[in-house]
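# Secondary and tertiary structure notes
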Amino acid sequence: MPIDVAAVVIGNRPLSSDYHVLALAAPAIAAAAAPGQFVMVKAGAGFDPLLRRPFSVFEILRDAAGAPAGLTILSKRIGVSTALLYDKAQGQRVDCLGPLGRPFTVVDPPTEAWMVAGGVGLAPFATLAQALHARGVKSTLFYGARRGAELFYLDFFRALDVELVLTTEDGSAGELGRVVAPLDRRLAARAPTSAVMLYACGPEGMLAATARTAVKYGRPCQVSVERIMGCGLGGCYSCVIPMRDEHGSVHNVRSCIAGPVLPADRIVWD
Amino acid sequence: MDLSVRIGNLTLKNPLIAASGCFGYGVEYADVVDLSSLGAIVSKGLFLEAREGHPAPRIVETPAGMLNAIGLQGIGVRRFIDEKLPELRARGATVMVNVCGTTLDEYVEVSRILSDAEGVAALELNISCPNIKEGGIQFGCSLNGTFDVVNAVRKVTTLPIIPKLTPNVTDVASFARASEEAGADAVSLVNTFLAMVIDVETRRPKISNVVGGLSGPAIRPIAVRMVYECRQTVSIPILGMGGIASARDALEFLIAGATAVQVGTANFSDPFIWATLLDGIGDYLQRHNVARVVDLVGTVDTRTKDKEWISS
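Model, not experiment: these values are computed from the prediction.

It is worth spelling out the overall build of chain A at this point. Within chain A, the regular secondary structure consists of 6 helices and 16 strands. The C-alpha atoms of chain A give a radius of gyration of 18 Å, which matches the 18 Å a tight globule of 270 residues would have. The burial tally for chain A puts 49% of its 270 residues in the buried class. Put simply, 65% of the contacts in chain A that link residues at least 6 apart link residues at least 24 apart.

A few words now on the nonpolar core. Counting 189 residues, the largest nonpolar core has A:V39, B:I17, B:I41, B:V187, B:V227 and B:V261 as its most contacted members. Both of domain 1 (3-100) and domain 2 (112-266) of chain A provide at least three residues apiece to this core. If we ignore the near neighbours within four places in the chain, the residues touching B:V261 are B:P15, B:L16, B:I17, B:G240, B:M241, B:I244, B:A250, B:F253 and B:L254.

With that out of the way, let us pick up the sheet that holds strand β11 (residues 175-176) of chain A. Residues and elements named next belong to chain A. Spatially, 7 strands are ordered β11-β10-β9-β8-β12-β13-β16 in an open sheet, and the strand pairing comes out mixed. Of all strands in the sheet, those bounded by a partner on one side alone are β11 and β16 (261-263). The sheet contact formed by strand β12 (residues 196-201) and strand β13 (residues 221-224) spans 4 bridges and is parallel. Looking at β13, one finds that C201 is bridged to S224. Sheet contacts for helix α3 (residues 125-135): β8 (112-118), β9 (139-145) and β12; angle to β8, the most-contacted strand, approximately 170°. Sheet strands touched by helix α6 (residues 204-216): β8, β12 and β13. Its angle to β13, the strand with the most contacts, is close to 175°.

Looking now at the confidence of the model for chain B. On average, residues of chain B score 95 in pLDDT, and 96% of them are at 70 or above. For this predicted complex, the interface score ipTM comes out at 0.92, alongside a pTM of 0.95.

Our focus in this paragraph is the domain arrangement of chain A. Many analyses report the size of an interface as the accessible area lost when the parts associate. All names here are of chain A. Domain annotation of chain A identifies domain 1 (3-100) and domain 2 (112-266). In this assembly, 20 residues from domain 1 lie in contact with 20 residues from domain 2. Elements that contribute at least two residues to the side of domain 1 that touches domain 2 include exactly β3 (38-42), β4 (53-56), β5 (59-62), β6 (68-76) and β7 (93-100). Per element, the largest residue contribution to the side of domain 1 that touches domain 2 is 3 residues, and it comes from β4. Tallied by class, residues from the side of domain 1 that touches domain 2 come to 14 nonpolar, 3 polar and 3 charged.

On to the environment of B:I273. All names here are of chain B. Along the chain, the position of I273 falls in helix α9 (residues 273-287). I273 sits 28 residues away from A245 along the chain, and the two C-alpha atoms are 7.9 Å apart. The contacts of I273, once residues within four sequence positions are left out, are V263, A266 and N267.

What counts as what
- Residues numbered from 1 in each chain as written.
- Chains lettered and ligands numbered in written order.
- Predicted model: local features only at pLDDT ≥ 70, side-chain atom pairs only at ≥ 80, totals over all residues.
- Helix = DSSP H or I, 4+ residues; strand = E, 2+ residues; numbered from the N terminus.
- Rg over C-alpha atoms; globule rule 2.2 N^0.38 Å.
- Buried ≥ 20, exposed ≤ 12 C-beta atoms within 10 Å, placed from the backbone.
- Contact = placed C-beta atoms within 7 Å.
- Core = buried A, V, L, I, M, F, W, Y, C linked by C-beta atoms within 7 Å.
- Domains from an automatic or database assignment.
- Pairing = 2+ DSSP bridges.
- Axes fitted to C-alpha atoms, helices over the stretch in contact; angles between N-to-C directions.
- pLDDT = per-residue confidence, 0-100.
- Nonpolar A, V, L, I, M, F, W, Y, C, P; charged D, E, K, R; others polar.

So this is what it looks like as structure tokens:
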């Protein structure tokens, strides 16, 4: 059951001129959230912007006793709402509704977890990496960004024993190019008998390429999709994505309630 | 304090109704809202068969508003009856169903099927969706078409019939009158205003259907005016809507002449809005010493009283 909180901003840390991490005091949401779930955040009071925006829960914040105290979102300044969020000051309040949507299915050993993130699509993998680490799952993060300065939280993942495979579009860090290239090579080199679960989040072009790569090597893949979303609760039918059902016919599926985590091989990519 | 209102032979416990297309099939909101606390909910529009609607992107925000072109995606009337209605009944919701058709016969058939189902309180006839090519708004933009749909459905149901009118006509009141003459129990207005948003960088429309319907606070004053005009023209109840986001907004519609109000877009940003609206209306009635909410309906005072007021 989703909870709506007028959450106090307890921190707003810029990571670059576009990216930042916004910390919100929302203990009830934080306590209930599972990796891959999202919150709907109203960036400003009043009617402009009118609607909330969906954000993956990035981190769960805990108090000294270890109890959930809040959550963070990883946001990139793109439009009106994200610009308002970028400028939020400590002590301000933002309405935050969640947790919403279907989370990732977390694998167990000996299956390995390979996470594939593009840009702000890193967001759902912090909590997923923690869940995987707690289960003792060997994990790898394939993480692509435009430039090296936009690869964030690397030490966070290293501390969870996540192997990092980095790419940048300008070659300023990691491998030059897109993140799917090293993913493809690693999958090609991997024995088909050793199980791997792929998890992907990022721009739709990257998700489609990851989905094709997963199919090529016969690997299961869970993608967290981001579509323009009106309500987050299944009311408005804005965030649909075409998916094949078990009979092969294609239907527009609401990514807010059927997803945001969806089986990649069922999605009909443009 | 009496918040109940009557729509045809149907009594609603209060005048707040969740608008069609903004509340899924109602079951989606069961975890968030006590569905039985609402006057009624109106389902998403239903045809005989399932429809997939338009490709994404389907919405875009505008100042104090949003455009949508969903394209009436829906599961079809029979699946609604089998899969959604039992839960709505169990939760004590008063269910109005938004009836769609590409032909006159389809409106009649969908209405007939719903009339035999248990737990349908009223039929809202969707003759006003701006986002589909066939049927729908073609009937709603023609006085004869409006009359014919209402008249034909009237012959197959005893449920209250509530045509939902489009504001995309010159004189919406004449469509309310045609509805009344054809036997409608009430009218809903307004549906969305046909609108367009263009990305100037790419010179592409921002939604896949090119044009869509504008809703939200941006349209409220126009909708209030249209409700007021219809109140002067027909005697059947009006279900008023268009950008309601607060109790004051809802009261404005009631005072303009709506017997009940529908809330749509505001529910997207605040799914908990219903209790706020209900409390606000109750407070107002108390403060103004009005015993029954129906005593507010159509009480706008347009007399000129004061020359100073006119000239200022």
